[in-house]
Amino acid sequence: MWKKLFGDPLRAFGIVSAILLVLLAIAPAKNHFSEWRHYQKGYLRMIRSRGEAVTLQRHFQPGIQQIWHPDIGVTDRCTSCHVGLKEASLTDVKFQPYRRHPVIPHTTEQYGCVMCHRGQGAATTVEEAHSSTLAWEQPILPARYIESGCGQCHRASLEGTPQLNQGRALLARYGCVQCHSIKLPDGGVMQATQDAPSLSHIADKTTREWIFAWLKDPQSYAASATMPNFKLKDDDIRDISAFLIANSNPVAADRLPPISQKAADPTAGASLYGESFCASCHAVQNAAGNLVGGNVGPELTRIGNKAKPEWLRAWIHNPRVYDPGTQMPHYRFSDQQVATMEGFLLAKSDSDFLANVHLDPATPEQIAHGKSLVMEYGCSSCHEITGIKKPENFAPELTRIGSKSISQLIFLPGMSHTLPDYIAGKIRQPRAFSPGLKMPQYSFTLTQIDALTTALLAQNDRAQSMPPSLSVPAPQTSHYRPAGKAGQIMSDLACFSCHAINGRGGDMAPDLTWEGSSVQRKWLEDFFRNPGTLRPALIRRMPKFNLSNEDISTLSDYIMTVYQTPEFDRESLPESGYSATQVEEGKQLYYSKYGCQSCHIVDAKSDKGYIGPTLTGVGSRLTAAWVYHWLKNPQALRPGTVEPNRNMSDDEAKSLTAFLMAQKGSGTKEAKK
């Protein structure tokens, strides 16, 4: 056969030439039948029958399309198949790859597709681009984790990424970052917001039996507990509780003897609890088993099982004796009020919670073993414990977990071999991967697991190497502290638990940074004595702190002097004396042109606005200068406020200011007008 085909030189040349031509024809044939060309042809067929076919045809660019950003490591050819991503008229197309991309703040030209979707961007076949292959192990992300892409650039919470925001909040709130370090591109580390209590004085507060029951199952005591279940053996729990009690150091003046009191009305405790707005921070399970209340402080459903009466009395009297850094304010309750609140809280108990806990006196061996277990399980990562240092590198660092190679992971039988599935599975049931693992069992919901997985996927190589010009850093943490006697009082009242001042504090109550320019001094002093209702629709209110006249004067002096905006003088406009004509003009603007009564109440009998604060007595509460500048540009005074900027003229703002300053409260001559 060889001789027949290649024996003659001329014949051999012809055969070799034919073979070469066939080989040369394979490449263009393969290109002609490639997947990307198939999808482009399908797109052209689809748009022929549409009314805007001419426009779509003009926008269409044939051939392989490529986006390249070497500075962020992006190369993708996704738009070779997804040719209709930018066409606004294709909103009715529901099938891929021709569906229009949802509206986002960025364009594909800015960042490409793989920044958010991952996958192998340089590929031109569906399998290589979307799936994990021998040459590429990072497939495209499932849609439910898509917000992780935003976290590569945005370090702070973002309005359009609720799942990412929740995941980051959970990492901080549940103490994940206490054991697992997460380094930030700016050189810092993610900080925990979890306020785990110190265990150095635990014997003052509770009993060994309660500690045993708590360690056995934290959620059986409090459904909202952030403490995970370590799945400990009973003997180990016995020894840990023995060590914690034996290692506890008493706090001086942390116990109060019983307070003699008059026979209290059975409803007095509930009334005092409600009037003090304890539910703004603490939750309690109702009869239906639902939690009602805030999550700033611990759940109080079974506080009577936990707290020793003498400790609870001292805590209610002044919580800063036991915990100087607590977010709980010092209410300055009278002895009668302390006793009333104590009785109310101690009655919140569950007779079954400690019914089966029976512990013999601890032995030295049990105490020593308990100490070794506390060190082994890294309890001091979250809790302060006398004689135990916080461990370093206790658990694997998660800074780049989002880029972890799947070749380094061990998957459970039946689990998809993808990084998101591994992370979600590890959060859902960590001990399933190995019985010897120390990671505890959390009670996260499926929604929370998805949020945590999203946040961890955002911790990847690209996030750490993102150029500063493309990253959006988180605001710098403020460590502002007010000075002097007023600062001491504000610390004692835990004002920062609810209010923000100069960038530090909570968001439960209004920002007080410019409060001295905002309010009138007399109103401020009256408010400290007896806080009134400014927003009827809100459940959370400012509690009464039983301040002395001296403390009220000290706080008012400080606020009115220090917390002023440099943008205007609070005395630049008068508080009264406006003409009747100007007041009437402002009234017409308020009720007609701007419809302010939709959100605010001036006339309690007819207005139905419950969204914003009531304005019935606004003329006695706010300064005229603040009202005027607020009407001109509310976001300049309180960034993020829902009050819209109406772009009022100066004359309109002055007339509205005149009308609002005439609202001095019920019973006044101005109010009746």
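Cut-offs used in this document
- Chains are numbered independently. Their residues run from 1 in the order of the written sequence.
- It should be noted that, the model being predicted, local features are given only for residues of pLDDT at least 70 and side-chain atom pairs only at 80 or more, the latter also being counted only at that level, while totals for whole chains, interfaces and linings use all residues.
- The basis for the side-chain values is all heavy atoms of the structure; hydrogens and waters are excluded.
- What counts as a helix is a DSSP run of H or I of at least four residues, what counts as a strand is a run of E of at least two, and both are numbered from the N terminus.
- Here the radius of gyration uses the C-alpha set of atoms, whereas the globule reference equals 2.2 Å times the residue count to the power 0.38.
- Buried, partly exposed and exposed residues are distinguished by accessible area as a fraction of the type maximum, computed with a 1.4 Å probe on protein chains only: under 20%, between the cut-offs, and over 50%, respectively.
- Contacts are assigned to residue pairs with any non-hydrogen atoms lying within 4.5 Å of each other.
- All tallies of charge rest on Lys and Arg as positive and Asp and Glu as negative; His and the ends of each chain are not included.
- Working definition for charges: the position is that of NZ of Lys, CZ of Arg, CG of Asp or CD of Glu.
- Multiplying one less than the number of residues by 1.5 Å gives the expected span of a helix.
- N or O atoms closer than or at 3.5 Å make up a polar contact, with two conditions inside protein: a donor-capable atom paired with an acceptor-capable one, and, for residues adjacent in sequence, both atoms drawn from side chains.

Section: the overall build of the chain
Here is step 1: Of the regular secondary structure elements, the chain holds 31 helices and 6 strands.
Here is step 2: Against the 2.2 N^0.38 benchmark of 26 Å for 673 residues, the chain shows a C-alpha radius of gyration of 33 Å, more extended than a compact globule.
Here is step 3: When its C-alpha atoms are laid out on the principal axes, the chain stretches across 125 × 85 × 45 Å.
Here is step 4: Here the chain holds 673 residues, and the buried ones make up 44% of them.
Here is step 5: Contacts spanning at least 24 positions in sequence make up 63% of the contacts within the chain whose residues lie at least 6 apart.
Here is step 6: Each charge class in the chain was averaged separately, 70 positive and 63 negative side chains, and the resulting centres sit 6 Å apart.

Comments concerning the environment of Gln582
Here is step 1: Looking at where Gln582 falls in the secondary structure, it is placed in helix α26 (residues 580-593).
Here is step 2: Residue classification places Gln582 among the partly exposed positions, given a relative accessible area of 23%.
Here is step 3: A C-alpha to C-alpha distance of 18 Å links Gln582 and Ser572, two positions 10 residues apart in sequence.
Here is step 4: Leave out the neighbours within four places in its chain, and Gln582 touches Lys654, Ser655 and Ala658.

Here we look at helix α17 (residues 335-346)
One full turn of an α-helix is made of 3.6 residues, so residues set three or four places apart face in the same direction.
Here is step 1: With 12 residues, α17 ought to run about 16 Å at 1.5 Å a step, and its terminal C-alpha atoms sit 16 Å apart, in line with that.
Here is step 2: Regarding α17, the residues found buried are Val338, Ala339, Thr340, Met341, Glu342, Phe344 and Leu345.
Here is step 3: Lining the buried residues of α17 we find α14 (268-275), α15 (303-306) and α16 (309-317).

With respect to the side chain of Ser248
Here is step 1: Along the chain, the position of Ser248 falls in the loop between α13 (234-246) and α14.
Here is step 2: Here Ile202 takes part through its backbone nitrogen, which lies 3.2 Å from a polar atom of the side chain of Ser248.
Here is step 3: Side-chain polar atoms of Ser248 contact the backbone nitrogen of Ala203, separated by 3.0 Å.
Here is step 4: Not counting chain neighbours up to four residues away, the residues in contact with Ser248 comprise Ser200, His201, Ile202, Ala203 and Asp204.

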